[in-house]
Structures are given as C-alpha cells and as structure tokens.
Amino acid sequence: MKIQIINGPNLNLLGLREKDIYGDISFDDYFKELKSKFQNLDLYHYQSNVEGELINKIQEVGFSFDGIILNAAAYTHTSVGISDAVRGIKTPVIEVHISNTKSREEFRKKSFISPHAEGIIQGFGLYSYDLAILSLLKD
Ligand code: DQA
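Let me begin by describing the structure that accompanies this report. This structure is a prediction, so every number in the text was calculated from the model and none was measured.

### Comments concerning the packing of helix H3 (residues 51–61) against helix H4 (residues 80–88)
Contact geometry for H3 and H4: axes closest at 9 Å, N-to-C directions at 0 degrees. Between H3 and H4, the interaxial angle falls into the category roughly parallel. Each of Glu 51, Leu 54, Ile 55 and Ile 58 in H3 lies in contact with H4, whose residues at this interface are Gly 81, Ile 82, Ala 85 and Val 86. Its residues assigned to classes, the contact of H3 with H4 shows six nonpolar, one polar and one charged.

Rendered as structure tokens:
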C-alpha cells in the first residue's frame, strides 16, 4: 500500500517552531518512527513551502497511490488551488492537522480542503498522522 504524506508551509520547522503548539520533534525524526511502526506500508513524505509545488505533488501521486495524508498548513485556510487539486484526483485524501484548528483563531476554522477530503483528523499532535494511516487501513 502506497501512502504519500504531504506537508505544507512551515512544517519543515517542526521541533523549532511554536513548540507549545506543534511539539519538539522534527518531522524527519517522527517520520523515521512512523516508518518503523508501519513497515508493511510504502510511506513517502514530501514537504514544500510553495503552493504550486504542493499541487504538483498532489497531481503526481493522485491517480496511483492508495492514500494521501495532507497537512496543507496555512494553505488549508486560503488555497482554492489546493482544494481544486484534491477535488480533481482519484486517491482519497485524509486532511490532517497537528493542532485542533477549531479551538484556535477564527481564520483557522475555515478549510478549503475539508469538503473534498475523505476524512479529517486534528488535534492529536503528530499522532494525528498515525491516526490518518490507521484510517486508510480500515478497509
Ligand atoms: C496546522 C494548523 C494551521 O492552521 C497552521 O497554519 C499550520 C499547522 C496544524 O498542523 O496544526 O501551519 O495545519
């Protein structure tokens, strides 16, 4: 089973950035743990701070992979382009957030991704990504 994790802007700073909200582990370290937990899966990780590059990656894997776990970060709340990309592909997309965006500022409550996502998991720290994988394994 091929699963692509796609992380958007500033998530390259995990472990350094706003640790009270996002924790103190880098995504690379967490991704190593994830790969050892789910050794039977083909897990890939891509991160970009650039909106068009995220769209390119969604299109690239969106007709052949079994699942996409997408944390579009700040673009979640602004990007019609990423929303259209998610809408246009065949691969199911699980929207993930580390923090509970519904309990934060008003502008984070809007998601352009949610209407086209298979499901949404948020607020469990990095464990949100574990839960997203488990959700893809359910059937
Ligand atoms: C985030 C929440 C977004 O509102 C924010 O812009 C991020 C990270 C999260 O994982 O909690 O950068 O997607």
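Next comes the rest of the description.
### With respect to the nonpolar core
Phe 27, Leu 34, Leu 43, Ile 69, Tyr 129 and Ile 133 are the most contacted members of the largest nonpolar core, which has 23 residues in total. When contributions to this core are tallied by element, the ones reaching two or more residues are strand S1 (2–7), helix H2 (27–37), strand S4 (93–97) and helix H5 (127–137). Excluding anything up to four places from it in sequence, Ile 69 contacts Ile 3, Gln 4, Ile 5, Ile 6, Ile 94, Val 96, Tyr 129, Ala 132, Ile 133 and Leu 136. Core analysis: the second largest hydrophobic core is formed by 16 residues, Val 61, Ala 72, Val 86 and Val 93 among them.

### Focus on the site of the ligand
Arg 17, Tyr 22, Asn 71, Ala 73, Ala 74, His 77, His 97, Ile 98, Ser 99, Thr 101 and Arg 108 make up every residue found near the ligand. Contact distances for the ligand include 2.7 Å between an oxygen atom and a backbone N or O atom of Ile 98. Compared with its free state, where it exposes 320 Å², the ligand has 98% of that area covered by protein. Within the shell around the ligand, the residues separate by chemical class into four nonpolar, five polar and two charged.

### Points about H4
Along H4, the residues that are buried comprise Ile 82, Ser 83, Ala 85 and Val 86. End-on, the buried residues of H4 take up no more than an arc of 160 degrees, which puts them together on one face. The inward-facing, buried residues of H4 abut H3, strand S3 (67–71) and S4. Where H4 begins, the capping side chain belongs to Ser 79, and its oxygen is found 3.4 Å from the backbone nitrogen of Gly 81.

### Concerning the environment of Ile 94
Note on placement: Ile 94 falls in strand S4. Ile 94 has contacts with Ile 68, Ile 69, Leu 70, Glu 118, Gly 119, Ile 121, Ala 132, Ser 135 and Leu 136, leaving out every residue within four places of it along the chain.

### Quick notes on the pattern of salt bridges
Any two side chains of opposite charge can pair, so long as their charged atoms come close to each other. By the definition in use, this model includes seven salt bridges. With a shortest N-O distance of 2.7 Å, Glu 105 and Arg 108 are connected by a salt bridge. The exposure class assigned to Glu 105 is partly exposed, which follows from its relative accessible area of 35%. Under the relative-accessibility criterion, Arg 108 is labelled buried at 17%.

### Thoughts on H3
Those residues of H3 that sit buried are Leu 54, Ile 55, Lys 57, Ile 58 and Val 61. For H3, the buried positions fall inside an angular range of 160 degrees around the axis, keeping them on one side. Relative to its buried face, H3 has exposed residues pointing more than 90 degrees away, namely Asn 56 and Glu 60.

Cut-offs and rules
Position labels on residues start from 1 in each chain and follow its written sequence. This being a predicted model, a pLDDT of at least 70 is required before a residue's local features are given, and a value of 80 or more before pairs of side-chain atoms are given or counted; all residues contribute to the totals for chains, interfaces and linings. Side-chain metrics rest on all non-hydrogen atoms present in the structure, leaving aside hydrogens and water. Here the axes come from fitting lines to C-alpha atoms, over the contacting stretch only for helices, and the angles between their N-to-C directions go from 0 to 180 degrees. Helix and strand labels come from DSSP, where a helix needs a run of H or I of at least four residues and a strand needs a run of E of at least two; each type is numbered from the N terminus. Just so you know how the angles are binned, under 35 degrees is roughly parallel, over 145 roughly antiparallel, 65 to 115 roughly perpendicular, and the rest oblique. Here, residues are in contact when the closest pair of their heavy atoms is within 4.5 Å. Here the nonpolar group is Ala, Val, Leu, Ile, Met, Phe, Trp, Tyr, Cys and Pro; Asp, Glu, Lys and Arg are the charged ones; every other residue, Gly included, is treated as polar. What makes a nonpolar core is a set of buried Ala, Val, Leu, Ile, Met, Phe, Trp, Tyr and Cys residues whose side-chain atoms join them at distances within 4.5 Å. Each residue is assigned to one of three classes by its accessible area relative to the maximum for its type, calculated with a 1.4 Å probe on protein chains only: buried under 20%, partly exposed between the two thresholds, exposed over 50%. Throughout, the term near means that a residue has one or more heavy atoms lying within 4 Å of the molecule or strand in question. Two N or O atoms count as a polar contact when they lie within 3.5 Å, although within protein this holds only if one can serve as hydrogen donor and the other as acceptor, and sequence-adjacent residues are included solely when both atoms are side-chain atoms. In these tables, accessible area is a Shrake-Rupley quantity obtained with a 1.4 Å probe, and a residue counts as shielded only by the protein chains included in the view. Each C-beta atom gives one direction from the helix axis, and the arc is the one those directions make. Between Lys or Arg on one side and Asp or Glu on the other, a salt bridge is scored when a side-chain nitrogen of the former is within 4 Å of a carboxyl oxygen of the latter.

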